[in-house]
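# Tertiary structure, described
Here is what each chain is made of, one letter per residue.
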Amino acid sequence: MCRVVRAIDWDSGAVVIIDQTLLPGRFSTVRLETVDELIGAIRRLAVRGAPALGAAGALGVALAAGRHGTETPEALATVRAEAGRLARARPTAVNLRHGVERALAVLEHGPEAVLADALAMLDTDERINRAASRHAADLLLRLCPGRRLRVLTHCNTGRLATVAWGTALGAIRHLHAEGRLEVVLADETRPLLQGSRLTAWELADEGIPYRVLPDSAAASAMARGMVDCVVVGADRIAANGDTANKIGTYGLAVVAARHDLPFVVVATESTVDRSVPDGAGIVVEERAPEEITHFAGTRVAPEGTAVFNPAFDVTPVALVTAVVTENGVLAEGRGQTP
Ligand SMILES: CSC[C@H]1O[C@H](OP(=O)(O)O)[C@H](O)[C@@H]1O
């Protein structure tokens, strides 16, 4: 197992991240000393995942406050302007905005207070993720009694997407630790391959059995009886439980419902946006065409190819067995959970 380094941390006046664009081939950390550098890292998904982005939001405000100070109205205005740009770096992931807002709430108390609060957030992240994923694992065991589970998951929701442990992948870690996991079926998760690059890297590092599959094979795997349940993360959850998550999640929910398989969303309360009544109000990030027209830097689609490249989709809560957070079941869709 590699030395457990947090996906995002603070060191001597800089935000330090694992550069996830280089995994699994190269494990490398990057020091980010300005908000603009942090925004760039967020936009290219060097740091990613809802809870990790929440930490990035809070630590980014600490960077700005430390760099500009908070003594004068002009300094405060500069910090707030940088914080606003940071919060907009990825529009769907509400944790990023929540992390920025949390930090701005203590800005008047000075840079040290902002940093102390952000570091406290880092330290509580693992406890929160372990609690949310514990509730999810217990639910999965109630829904699928008596056997070791074959769990299909999408994207990456582990310690690379959070500060520690993970949400959906955290539930898988609990199941594995208790001998209740047979295999993880990890969608590769095009176009950026968070599944085959990052989830596979985390699972291999811990000796957790897994198979990677094309996103397009997930429906067939469920139809062929290879899957007991589906567990995914979230990037924004509306007040009614509608969930925005990595593109492809909605299709998994439809097929899971078709085959009457449990479909469980694991998230933290910080990913719930109660200002949005339902999924219709969730802004979905559109990403660059090159993510589709190129593969590993090589053009694979003709010049001039138009693309549709949303980073997320929205799953109606009616298709979800349960949305689970550190407080337990937040919302239920398809019938009562036992
Ligand atoms: C534990 S939150 C992980 C969540 O974030 C991912 O999106 P991205 O890789 O673009 O940051 C994906 O939607 C995961 O479910």
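Residues numbered from 1 in each chain as written. Predicted model: local features only at pLDDT ≥ 70, side-chain atom pairs only at ≥ 80, totals over all residues. Heavy atoms only, no water.

For the chain, the name recorded in an unreviewed UniProt entry is Methylthioribose-1-phosphate isomerase, with Saccharomonospora xinjiangensis XJ-54 as its organism. Listed in UniProt under the heading Catalytic activity (unreviewed entry), the comment for the chain reads: "5-(methylsulfanyl)-alpha-D-ribose 1-phosphate = 5-(methylsulfanyl)-D-ribulose 1-phosphate". Under the heading Pathway (unreviewed entry), UniProt records this for the chain: "Amino-acid biosynthesis; L-methionine biosynthesis via salvage pathway; L-methionine from S-methyl-5-thio-alpha-D-ribose 1-phosphate: step 1/6." (UniProt positions renumbered as here; feature names shortened; annotations may be inferred.)

### Digging into the pairing of strand β10 (residues 263–266)
Here β10 shows no split at all, with F263 and V265 on one side and V264 and V266 on the other all buried. As defined by bridge partners, strand β7 (residues 229–232) adjoins β10 across three bridges and the pair is classed as parallel. The residue of β10 that forms the bridge with V232 is V265. (Buried < 20%, exposed > 50% of the residue type's maximum accessible area, 1.4 Å probe, protein only. Helix = DSSP H or I, 4+ residues; strand = E, 2+ residues; numbered from the N terminus. Pairing = 2+ DSSP bridges.)

### Looking at the pattern of salt bridges
Tallying each qualifying case throughout the model produces 25 salt bridges. Between D123 and R6 there is a salt bridge, with its nearest N and O atoms 2.9 Å apart. Linking D123 in helix α5 (residues 111–143) with R6 in the segment before β1 (8–11), this pair joins segments that are 117 residues apart in sequence. D123 gets classed as exposed once you look at its relative accessible area, which sits at 53%. For R147, the salt bridge identified is with E182, shortest N-O distance 3.1 Å. Pair noted here: R147 is in the loop between α5 and β4 (149–153) and E182 is in strand β5 (residues 181–187), with a separation of 35 residues, a long-range link. Members of the salt-bridge network, linked through shared partners, are R90, E285, R287 and E291. (Salt bridge = Lys/Arg side-chain N within 4 Å of Asp/Glu carboxyl O.)

### Brief notes about the UniProt feature "active site" (unreviewed entry) in the chain
The UniProt record annotates "active site" (unreviewed entry) at D235. Here D235 falls in the buried class, since its relative accessible area comes to 9%. Residues in contact with D235, not counting those within four places in the same chain, are A50, T92, A93, V94, N95, A244, N245, K246, T271 and F312. (Contact = heavy atoms within 4.5 Å.)

### Quick word on the domain arrangement of the chain
Taken domain by domain, the chain consists of domain 1 (8–125) and domain 2 (132–332). Just the C-alpha atoms count here: the centres of domain 1 and domain 2 sit 25 Å apart. With 26 residues of domain 1 at the interface, the matching set in domain 2 holds 30 residues. Carbon and sulfur atoms supply 53% of the area buried between domain 1 and domain 2, which totals about 2,200 Å² over both sides. A salt bridge links D273 to R97; the nearest nitrogen and oxygen atoms lie 3.7 Å apart. Viewed at the interface, domain 2 and domain 1 are joined by 17 residue pairs in polar contact (both at pLDDT 80 or more). Counting only elements with at least two residues in the side of domain 1 that touches domain 2, the list comes to α2 (50–68), α4 (94–104) and α5. (Domains from an automatic or database assignment. Buried area = accessible area lost by both parts, 1.4 Å probe. Polar contact = N/O pair within 3.5 Å; in protein donor to acceptor, adjacent residues only side chain to side chain.)

### Considering the sheet that holds strand β9 (residues 243–246)
A sheet is described by the order of its strands in space; here four strands give the open sequence β11-β8-β9-β14, paired in mixed fashion. Across the chains shown, the open sheet's two edge strands, defined by having one partner strand only, are β11 (272–273) and β14 (312–315). Summarising the sheet, β9 and β14 pair through four bridges and their orientation is antiparallel. Directly across from A244, in β14, lies its bridge partner V314. Strands in contact with helix α9 (residues 249–258) are β9 and β14; relative to β14, the strand with the most contacts, it is inclined by about 35 degrees. (Axes fitted to C-alpha atoms, helices over the stretch in contact; angles between N-to-C directions.)

### A word on unusual backbone geometry
Most peptide bonds adopt trans geometry, and most residues besides glycine take a negative phi value. The residue after L23, namely P24, is reached through a cis peptide bond having omega 5 degrees. For P24, the position within the fold is in the loop between β2 (14–18) and β3 (29–32). Between R190 and P191 the backbone carries a cis peptide bond, its omega angle lying at 0 degrees. As for its position among the elements, P191 is in the loop between β5 and α7 (194–206). Of note, L45 is a non-glycine position whose phi angle comes to about 60 degrees, a positive value. For L45, a relative accessible area of 5% gives the class buried.

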